[in-house]
Amino acid sequence: AAYCLYVLCLALNGVTEAFAVATAPRAAVGWLNAAMAITFGLYVALALGDPFVTGAPGLLALLGIRGLIFADSANMLLRAAAALSVAREVAETGTGEPLNLARAAPSYASLGVLVAAGAVARASAWYFTGEPEGGGAGTLLGEAQHVGVGAVCGLSVLASLAVFDGQALRQAYSRVRKQQSA
């Protein structure tokens, strides 16, 4: 579960950094690199704490490997925020309009299906494996059933995106294709 959170943060950071670095002027990329160095320092402090001066433990000492994953998730979110500020500036300079991130978000219906799928997957882990994150099934059949529920949940999320957000996704794809041909 902690790693799934990390993958989400990593994806958000990857998209925002890729856009910012690909479109920003050299000075903004320099600022972004400095911000990344600062966020790395914050990551180390969050993960390790301050064992030498104050004796405060970091998330690694408090939560083990999950603490390290949470610290790096925070690092990725901070990096994404820095890249997003650069991306916002680039977008506003290029279009003359403020960047509207709400237009990029999935519909409430798709978000509802996503939350429901997460709840069903968590309940499936408890039911079929006896543990909140799976992996504790006494039989291969129990694990297979849990994986099957996860697959159905994943397909449900994809279907909801196609049904509720399909037109917006097609419009965005069409817009990108038109810009590439120009």
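The text that follows walks through the structure, step by step, so that each part is easy to find.

Calculation notes
In every chain, residue numbers begin from 1 and rise along the written sequence. This being a predicted model, a pLDDT of at least 70 is required before a residue's local features are given, and a value of 80 or more before pairs of side-chain atoms are given or counted; all residues contribute to the totals for chains, interfaces and linings. Based on all heavy atoms of the structure, the side-chain values leave hydrogens and waters out of the count. Helical segments are the DSSP runs of H or I of at least four residues, strand segments are the runs of E of at least two, and each set is numbered from the N terminus. The span one expects for a helix is its residue count, reduced by one, times 1.5 Å. A simple rule labels every residue: compare its accessible area, found with a 1.4 Å probe on the protein chains alone, to the largest value its type can have, and call it buried under 20%, exposed over 50%, or partly exposed in between. Here the arc refers to the set of directions running from the helix axis out to each C-beta atom. Whether two residues touch is decided by their heavy atoms; if any such pair falls within 4.5 Å, the residues are in contact. Any carboxyl oxygen of Asp or Glu that lies within 4 Å of a side-chain nitrogen of Lys or Arg is treated as forming a salt bridge with it.

Here we look at helix α5 (residues 108-129)
Consideration 1: Look at α5: 31 Å from first C-alpha to last across 22 residues, which is about the 32 Å you get at 1.5 Å a residue.
Consideration 2: Here α5 has its buried residues at Ser110, Ala117, Ser124, Ala125 and Thr129. All buried residues of α5 lie within an arc of 100 degrees about the axis, which places them on one face of the element. Opposite the buried face of α5, by more than 90 degrees, sit the exposed residues Tyr108, Val115 and Tyr127.

Re helix α2 (residues 26-48)
Consideration 1: Here α2 spans 33 Å end to end across 23 residues, near enough to the 33 Å set by a 1.5 Å rise per residue.
Consideration 2: Within the sequence span of α2, burial applies to Val29, Leu32, Ala35, Met36, Thr39, Tyr43 and Ala47.
Consideration 3: The inward-facing, buried residues of α2 abut α1 (2-23), β1 (49-50), α3 (59-63) and α4 (65-95).
Consideration 4: Positive backbone phi, at 75 degrees, marks Gly49, one or two positions downstream of α2.

Structural notes on the pattern of salt bridges
Two side chains with opposite charge may pair up if their charged atoms get near one another.
Consideration 1: A full pass over the atoms with the stated rule returns 1 salt bridge.
Consideration 2: The residue Glu17 makes a salt bridge to Arg79 at a minimum N-O spacing of 2.7 Å. Of this pair, Glu17 sits in helix α1 while Arg79 sits in helix α4, and the two are 62 residues apart along the sequence.
Consideration 3: On the basis of relative accessible area, Glu17 is assigned to the buried category, the value being 12%.

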